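Below are the chains, spelled out letter by letter.
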Number of protein chains: 2
Amino acid sequence: MTFDAIDVKIMNALQRDAGQSLETLGADVGLSRNACWRRVKALEESGAITSRVALVDAKAVGLGLMVFMQVRTHSHDPGWQDKFNRATRVIPGILSVYRMTGDLDYLIRARVPDMDGYDALYQQLIEQVPIADVSASFVMEEIKDSTALPL
Amino acid sequence: MTFDAIDVKIMNALQRDAGQSLETLGADVGLSRNACWRRVKALEESGAITSRVALVDAKAVGLGLMVFMQVRTHSHDPGWQDKFNRATRVIPGILSVYRMTGDLDYLIRARVPDMDGYDALYQQLIEQVPIADVSASFVMEEIKDSTALPL
DNA sequence: GGTGAAATCCCTCATCG
DNA sequence: CGATGAGGGATTTCACC
C-alpha cells in the first residue's frame, strides 16, 4: 500500500494524539472534517492504523522496573519453540518477545514492580519451559520510549 | 496513588481499545456511563493514563526491520551523555533508548526499512556522537509486542 | 473532495440513594 | 461514590452533489 503526504500527516497526528477531533485533525492536515474522516477510516480498514490505545504510566501502576532478558538456548527440540512462545505470551509482565538473529536467541522485554517481581517472573518462565541461559539487564533510565513510528 | 478493581478494569479496557464509547466501557466495567466518565477523567488527570495514541503497523509503512543496538562507551563524562541523549532523541527511527545496568551501557531500539536503512541510522548516530562500541541484533520474528501493561 | 443533515456521543449539572 | 435523567454542544457517520 502507498500513502500520500496527507495520509502521512494524519498518521503522524494520530500517533501523537488519537483523542483529537476530526475538526482539529482536518485543520492540521489541510482537509475538511469529512474528507479527513474518510482517510482515517481507510487507513484503519487497510490495517495501516491497527488500533487506538490508552497508554498507562508504568510507575503510576507500580511497574517501575523494566528488564530485558536475553535468552539463549541450544535446544533443537522441535516443540521447544512452541512451548516458549506460549509461555511468554501468557506470562503477565512480559511485554515483548523477539526472536533475534543468531542461533536461537530471544530477547524479552518485561515490566515488573521490583527485583522480587523480576525473580517471580523468571521463576514462572523457567518453570514452564527449560531455558539454558538467561541474562538480565535492567533499565536504569528511560531516555526515550515512543510508540510513534517515523513516517 | 491507589487504584481499585474498577479503575484497573477501566485501564485494561482502554489499553486494549481507547476508541470505545463510554457506554460500552461502562457496561464492561459495571458502571454507568457517567460514573465511568468521572473515573476515566480522574485517571487521566492523575497521570495514570498518559495519552491515547494510534498504533501504526510498521510493515505497512515500510519499517519492517527492527533492530536493537547495544552501545558501550568508556567515556563517562557528562558532556558525552548529554550529546548522546540529544542525538538519539532526534534521530528518526530510534524508538527507545535505555541506560542499562551491567556491562552494556545503552540499549537502543529502532525501526528501519531494511539493512541499508540501518546503516544510514548507524552512520547518522556515530556522526553526532563518538561511540566506542556498537553491536546490532536484528529481530527475525516478533512473537509478542504489546503496549498494554499487566494490571 | 465538499456540504449538509441525522444519529450518536461527550460533557456537565442537578438530584437522589 | 454511584445512579439516573436531561440539556446543549460537539462529533461521528451517512446521505448526495
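Anything mentioned here points back to the structure above.
These numbers were taken from a predicted model, which means no experiment stands behind them. (Residues numbered from 1 in each chain as written. Chains lettered and ligands numbered in written order. Predicted model: local features only at pLDDT ≥ 70, side-chain atom pairs only at ≥ 80, totals over all residues. Heavy atoms only, no water.)

For the rest of this paragraph, the subject is the protein's contact with DNA strand C. DNA strand C sits among Ser32(A), Asn34(A), Ala35(A), Arg38(A), Arg39(A), Ser21(B), Leu22(B), Asn34(B), Trp37(B) and Lys41(B). Between DNA strand C and the protein, one listed contact pairs a phosphate oxygen with a side-chain N or O atom of Arg39(A) at 2.9 Å. For DNA strand C, a phosphate oxygen lies 3.3 Å from a polar atom in the backbone of Leu22(B). Among the elements of the structure, helix H3 (33-46) of chain A together with helix H3 (33-46) of chain B are those that each provide at least two residues to the surface near DNA strand C. (Near = heavy atom within 4 Å. Polar contact = N/O pair within 3.5 Å; in protein donor to acceptor, adjacent residues only side chain to side chain. Helix = DSSP H or I, 4+ residues; strand = E, 2+ residues; numbered from the N terminus.)

What follows deals with the interface of chain B and chain A. A common way to express how large an interface is: the accessible area buried when the components associate. On the side of chain A, 62 residues touch chain B, which itself brings 63 residues to the contact. Buried surface at the junction of chain B and chain A, both sides included, amounts to about 5,400 Å², of which 61% is carbon and sulfur. Counting the surface chain B buries against chain A, the share from its top three residues, Tyr98(B), Ile143(B) and Lys144(B), is 14%. Put simply, chain B and chain A have 2 salt bridges between them. For the interface between chain B and chain A, the tally reads 35 residue pairs in polar contact (both at pLDDT 80 or more). Looking at the side of chain B that touches chain A, the elements with two or more residues in it are helix H1 (5-16), strand E1 (49-56), strand E2 (65-72), helix H4 (78-90), strand E3 (94-100), strand E4 (106-112) and strand E5 (133-145) of chain B. Sorting elements by how many residues they give to the side of chain B that touches chain A places E5(B) first, with 9 residues. Each residue belonging to the side of chain B that touches chain A can be placed in one class, and the counts come to 36 nonpolar, 15 polar and 12 charged. Note that strand E1 (residues 49-56) of chain A and E1(B) share 7 bridges and pair antiparallel. (Contact = heavy atoms within 4.5 Å. Buried area = accessible area lost by both parts, 1.4 Å probe. Salt bridge = Lys/Arg side-chain N within 4 Å of Asp/Glu carboxyl O. Nonpolar A, V, L, I, M, F, W, Y, C, P; charged D, E, K, R; others polar. Pairing = 2+ DSSP bridges.)

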